[in-house]
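Now for the letters of each chain:
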Amino acid sequence: MTQAAVIPSPGPAQPADPAGPDRPASPLARLRDPAWYQEYGVYVAVAALLLFNALFTDHFMTADNFRTQLVQVAPIVIVALGMALVIGTEGVDLSVGSTMALAAAFLPLYLGYGLVPALVVALLAGAVVGAVNGALVSLIGLQPIVATLALFVGGRGLALVVADGQLKQIVNPDLLSLGTGSFLGVPLVVWIAGLLALAVAFLVRRTTFGRQIVAVGGNRSAAALAGLPVKRVLIGVYVLCGVFAALAGILATARLTASDPSSLGTLMELSAITAVVVGGTPLSGGSVRVLGTVAGALLMQLLRATLVKHDLPDSTAQIAQAAIIVAAVYVARERRSR
């Protein structure tokens with residue numbers, strides 16, 4: 001005699017999950033997601049800082065003050081754009097401040113031949129520094145921080161040798177107009193920084209070279225196996241970073257009306273790295289956030305200006321910037337670990 005199989009009762013039906021995989025996350029869930037902060041945190045911080053100044057800082061929300069802040073942040077933005085490309089390949093360039101000084105040192109030597117030759121020589125100096133950095137990283141295999149540290153020290157020393165260790169006044173009116181001139185009421189340095197930001201955004205999003213930068217930063221070994229020109233890409237991004245730093249040195253010299261290789265560009269590498277990291281570009285590479293980099297530079301500039309307006313010492317601004325950097329790196333790490 002066979003026994004009938006016992007079929008278990010299905011039990012009460014379970015309700016459908018109201019927050020299924022296709023359902024958008026709630027606003028509260030988004031605020032707990034590190035990816036949200038890395039994506040939008042810098043813009044929220046800029047908006048909050050502007051709101052604070054509108055309410056509590058006298059004479060901050062004026063056209064003259066905004067003009068001043070934009071002029072001061074423009075060289076940082078230019079250097080940070082080049083730094084973002086380098087960090088996108090999982091590298092870093094500590095020599096950008098020295099490159100600024102080197103470009104400034106060459107300017108007075110060639111202004112006698114005209115503005116264009118002087119600018120070309122200064123920009124070529126930046127390109128050479130970048131090419132050396134790129135060759136050390138891609139061909140010799142040095143770590144980026146080691147390769148660029150060599151020119152961080154040696155580049156400024158070379159700039160002092162070129163300038164005979166002296167500050168030189170700039171009297172060329174065409175060069176000075178780059179630092180003090182304006183177009184449609186907007187300073188030329190701001191126009192240059194904005195146009196470069198658009199150009200870099202186009203480069204990253206719409207060109208083969210930009211996609212190669214992201215691929216190399218995401219996984220260099222896989223990019224090489226896929227046939228991408230890894231060494232050429234690395235040299236290219238360091239050359240661009242050097243040219244951008246040289247351009248920032250030219251504009252800073254024009255604005256200061258003097259070439260001072262001993263101090264020009266000091267700590268610029270830290271300001272640029274801060275802008276890139278706070279703007280959401282991960283130090284691990286594989287991504288380049290152009291708009292975030294611009295917003296990161298603007299955030300640091302507004303933070304310092306706010307503290308100065310409230311009679312707080314510059315050391316307080318440095319501590320605040322350090323806290324923001326730590327927070328940005330922590331958020332990026334938490335996002336990678338998920």
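Keep in mind it's a predicted model, so treat the numbers as computed, not measured. (Residues numbered from 1 in each chain as written. Predicted model: local features only at pLDDT ≥ 70, side-chain atom pairs only at ≥ 80, totals over all residues. Heavy atoms only, no water.)

A. Structural view of the environment of Gln169. Mapped onto the fold, Gln169 is located in strand E1 (residues 168-169). Look at Gln169 and you get exposed, because its relative accessible area is 56%. Each C-alpha atom of the pair Gln169 and Leu256 lies 9.1 Å from the other, and the pair is 87 residues apart in sequence. With near-sequence residues (within four places) excluded, Gln169 lies in contact with Thr257 and Ala258. (Helix = DSSP H or I, 4+ residues; strand = E, 2+ residues; numbered from the N terminus. Buried < 20%, exposed > 50% of the residue type's maximum accessible area, 1.4 Å probe, protein only. Contact = heavy atoms within 4.5 Å.)

B. Representation of helix H9 (residues 208-218) in the model. Within H9 the residues assigned to the buried category are Gly210, Gln212, Ile213, Val216 and Gly217. Along the axis of H9, the buried positions cluster into a sector of 160 degrees, meaning they face one direction only. The secondary structure elements touched by the buried residues of H9 are helix H3 (63-88), helix H8 (188-206), helix H10 (220-225) and helix H11 (230-256). (Arc of directions from axis to C-beta.)

C. How the structure looks around the packing of aromatic side chains. Applying the stated criterion across every chain, the model contains four aromatic pairs. Aromatic side chains Phe52 and Phe56 sit 5.2 Å apart centroid to centroid with 45 degrees between the ring planes, which places their arrangement in the tilted category. With Phe52 and Phe56 both in helix H2 (residues 34-56) and four residues apart, this pair spans about one turn of that helix. Here the aromatic rings of Phe60 and Phe66 are separated by 6.5 Å at their centres, their planes lie at 85 degrees, and the arrangement is edge-to-face. Judged by its relative accessible area of 29%, Phe66 is partly exposed. (Phe/Tyr/Trp six-rings, centres within 6.5 Å; stacked < 30°, edge-to-face > 60°.)

D. Spotlight on the nonpolar core. Ranked by size, the top nonpolar core spans 69 residues in total, and within it Ile78, Leu81, Met83 and Leu85 carry the most contacts. Top contributing element to this core by residue count: H3, with 14 residues. In this structure, Ala103, Ile170, Ala246 and Ala254 belong to the second largest nonpolar core, which totals 13 residues. (Core = buried A, V, L, I, M, F, W, Y, C linked by side-chain atoms within 4.5 Å.)

E. Inspection of helix H5 (residues 115-140) at higher detail. For H5, which comprises 26 residues, the first-to-last C-alpha distance of 37 Å matches the rise-based estimate of 38 Å (1.5 Å per residue) to within 8%. Positive backbone phi, at 90 degrees, marks Gly141, one or two positions downstream of H5. (Expected span 1.5 Å × (residues − 1).)

F. Fine view of a nonpolar patch on the surface. A cluster of nonpolar residues, Leu139, Ile140, Leu142, Ile145 and Val146, forms a patch on the protein surface that exposes about 470 Å² of accessible area. Those elements that provide at least two residues to the nonpolar patch are H5 and helix H6 (144-162). For Val146, the position within the fold is in helix H6. By relative accessible area, which is 47% here, Val146 ends up partly exposed. (Patch = residues over 30% accessible without salt bridge, like charges linked within 9 Å, V, L, I, M, F, W, Y side chains within 5 Å. Areas by Shrake-Rupley, 256 points an atom, 1.4 Å probe, with all protein chains shown as cover. Salt bridge = Lys/Arg side-chain N within 4 Å of Asp/Glu carboxyl O.)

G. Structural view of the side chain of Asn65. Within the secondary structure layout, Asn65 lies in helix H3. A relative accessible area of 9% places Asn65 in the buried class. If we skip the residues at most four places from it in the chain, Asn65 touches His59, Phe60 and Lys309.

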